[in-house]
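Below, each chain spelled out in residue letters.
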Amino acid sequence: MMVSMLRFPKRSYVGWGSIGELFQVLRGWGQRNVLVVTDPTLVKIGLVEEFLSPVNHDFQITVYTDVEPEPSLECAERLVAFTRAGSFGCVVGLGGGSALDMAKLAAVIPQNKGNIADYLNLTGTMKLEKEGVPKILIPTTSGTGSEVTDIAVLSLKGTKDVITHDYLLADVAIVDPQLTLSVPKRVTAATGIDALTHAVEAFLSVNASEATDALALRAVELIGGSLKTAVENGKDAEARKAMSTGSYLAGLAFFNAGVAGVHALAYPLGSQFKLPHGESNAVLLPYVMKTISANCREKMNTICRILADGVKQVDDWNAEDYLRLFYYFVKDVGLPTTLKEYGIIESKLTDLTNDAIKQKRLLARSPKPLGENEIHQIYQMAYSGLQ
Ligand SMILES: NC(=O)c1ccc[n+]([C@@H]2O[C@H](COP(=O)([O-])OP(=O)(O)OC[C@H]3O[C@@H](n4cnc5c(N)ncnc54)[C@H](O)[C@@H]3O)[C@@H](O)[C@H]2O)c1
Ligand SMILES: [Fe+2]
């Protein structure tokens, strides 16, 4: 048996009401000066006030809201400059993946030399030397798994890039489904498909292990069984609970086994055409699954049996059947299934291919090697849709 290495955040609180642990954690750290990184929508809808008011009196809280969806390098640099000018003892990230990724950077980069660009995976030249201040990450979407990964994603011109380091891991993750009840339909669908994609890509990854398979399969069950209900009725507590735990488990699975082709091809759609991260995964998922299926049939059948709710004849399925299963899963939660629906014209597929091919870190985990031809073909299928 191969040796597998697993990494997790130091501590997680998961479940309805787990936000109640925030006060004790902060008190235990003895840091009064707290930076909360969130986004303007969450302040506007009262979520920040509702869930932070129990700790407001005992700590000096600064709420930073200059966080855009799919944050750019400039957005992150502004936050780092703001944090350097203050003296915060710890950071709380409260929001979707965008706010959580920014919170990670706010906790770590200001204590180190240089700027964000110096630490980027594709073009950076420096290594983080200092751990920074402690951080608590509290997701308000069930999607990215950012609360349990050591990754922060940034949107650059033309593509996306990441900073990854142990220091970006949460000291404490608090995963409370209550905080997701207000997520709008389309964001619920997109973030849910992102979580499903994490589980599926981790399960099919060449770096998968028995431990990550267990996490990934339970995540597929939870997400497969609840996403549609969560989209149709956002106040359904059971569906929100399942999605919240599912995205947390999917996050642990992909943090340790990696994501692959879907994410590699999704990044250029996010940066070139501003598709939200979950939607860019959703519009590619069926076509990538069709393309790689010949190299991972047994595992693909296992996933499809869960998603197709016990349908037995999955064992006889061919690439077209896998395609249809994922296609209708995405369509049923109300998301676009072709690039055309986003107004992307065919002549742009070459630019997309040229950027996707740069994501070698992600492509290396694909069960089927994806070179320039395969990548272009996948974009072409996603352009044309189901024939
Ligand atoms: N670090 C990681 O491991 C990782 C993994 C995958 C994706 N990402 C990154 O995460 C970002 C996307 O995060 P996301 O998909 O969670 O979306 P997001 O954080 O951009 O949020 C999307 C929208 O939903 C709103 N929203 C969030 N929670 C809400 C709530 N409870 N009620 C009402 N509205 C709410 C936000 O205000 C925002 O307008 C991208 O930059 C992506 O690249 C990071
Ligand atoms: Fe993702």
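Read on for a plain summary of the structure.

The rules we used
Residues numbered from 1 in each chain as written. Chains lettered and ligands numbered in written order. Predicted model: local features only at pLDDT ≥ 70, side-chain atom pairs only at ≥ 80, totals over all residues. Heavy atoms only, no water. Near = heavy atom within 4 Å. Polar contact = N/O pair within 3.5 Å; in protein donor to acceptor, adjacent residues only side chain to side chain. Areas by Shrake-Rupley, 256 points an atom, 1.4 Å probe, with all protein chains shown as cover. Helix = DSSP H or I, 4+ residues; strand = E, 2+ residues; numbered from the N terminus. Nonpolar A, V, L, I, M, F, W, Y, C, P; charged D, E, K, R; others polar. Domains from an automatic or database assignment. Phe/Tyr/Trp six-rings, centres within 6.5 Å; stacked < 30°, edge-to-face > 60°. Buried < 20%, exposed > 50% of the residue type's maximum accessible area, 1.4 Å probe, protein only. Contact = heavy atoms within 4.5 Å.

Moving on to the site of ligand 1. The local shell around ligand 1 holds 31 residues, among which G97, S98, T140, T149 and S182 are the closest. The contact in question runs from an oxygen atom of ligand 1 to an N or O atom on the side chain of T41, over 3.4 Å. Taking 880 Å² as the accessible area of ligand 1 by itself, protein coverage stands at 92%. Broken down by secondary-structure element, the contributors of at least two residues to the shell around ligand 1 are α2 (40-44), α5 (97-108), β6 (151-155) and α6 (185-204). Residue composition of the shell around ligand 1, by class: 12 nonpolar, 13 polar and 6 charged. Two domains each donate at least three residues to the shell around ligand 1, and these are domain 1 (11-180) and domain 2 (185-384).

The next point concerns the packing of aromatic side chains. Summed over all chains, the structure comprises 5 aromatic pairs. Measuring from centroid to centroid gives 6.0 Å for F23 and F59, while their planes differ by 75 degrees, and the two rings are edge-to-face. Taken together, the positions of F23 in helix α1 (residues 22-29) and F59 in the loop between α3 (47-56) and β3 (60-64) put the pair 36 residues apart, joining distant regions of the chain. When the centroid spacing of 5.1 Å and the interplanar angle of 80 degrees are considered together, the rings of Y327 and Y328 count as edge-to-face. Exposure remark for Y327: the relative accessible area of 8% places this residue in the buried category. Through a chain of ring-to-ring contacts, the aromatic side chains of Y64, F82 and F88 assemble into a single cluster.

Turning our eyes to something else, we now look at the side chain of T149. You can see T149 is positioned in the loop between β5 (135-139) and β6. In terms of polar contacts, T149 uses its side chain to reach the backbone amide nitrogen of I151, at 3.4 Å. In contact with T149, other than residues within four places in its own chain, are K104, L168, L169, G251, F254 and F255.

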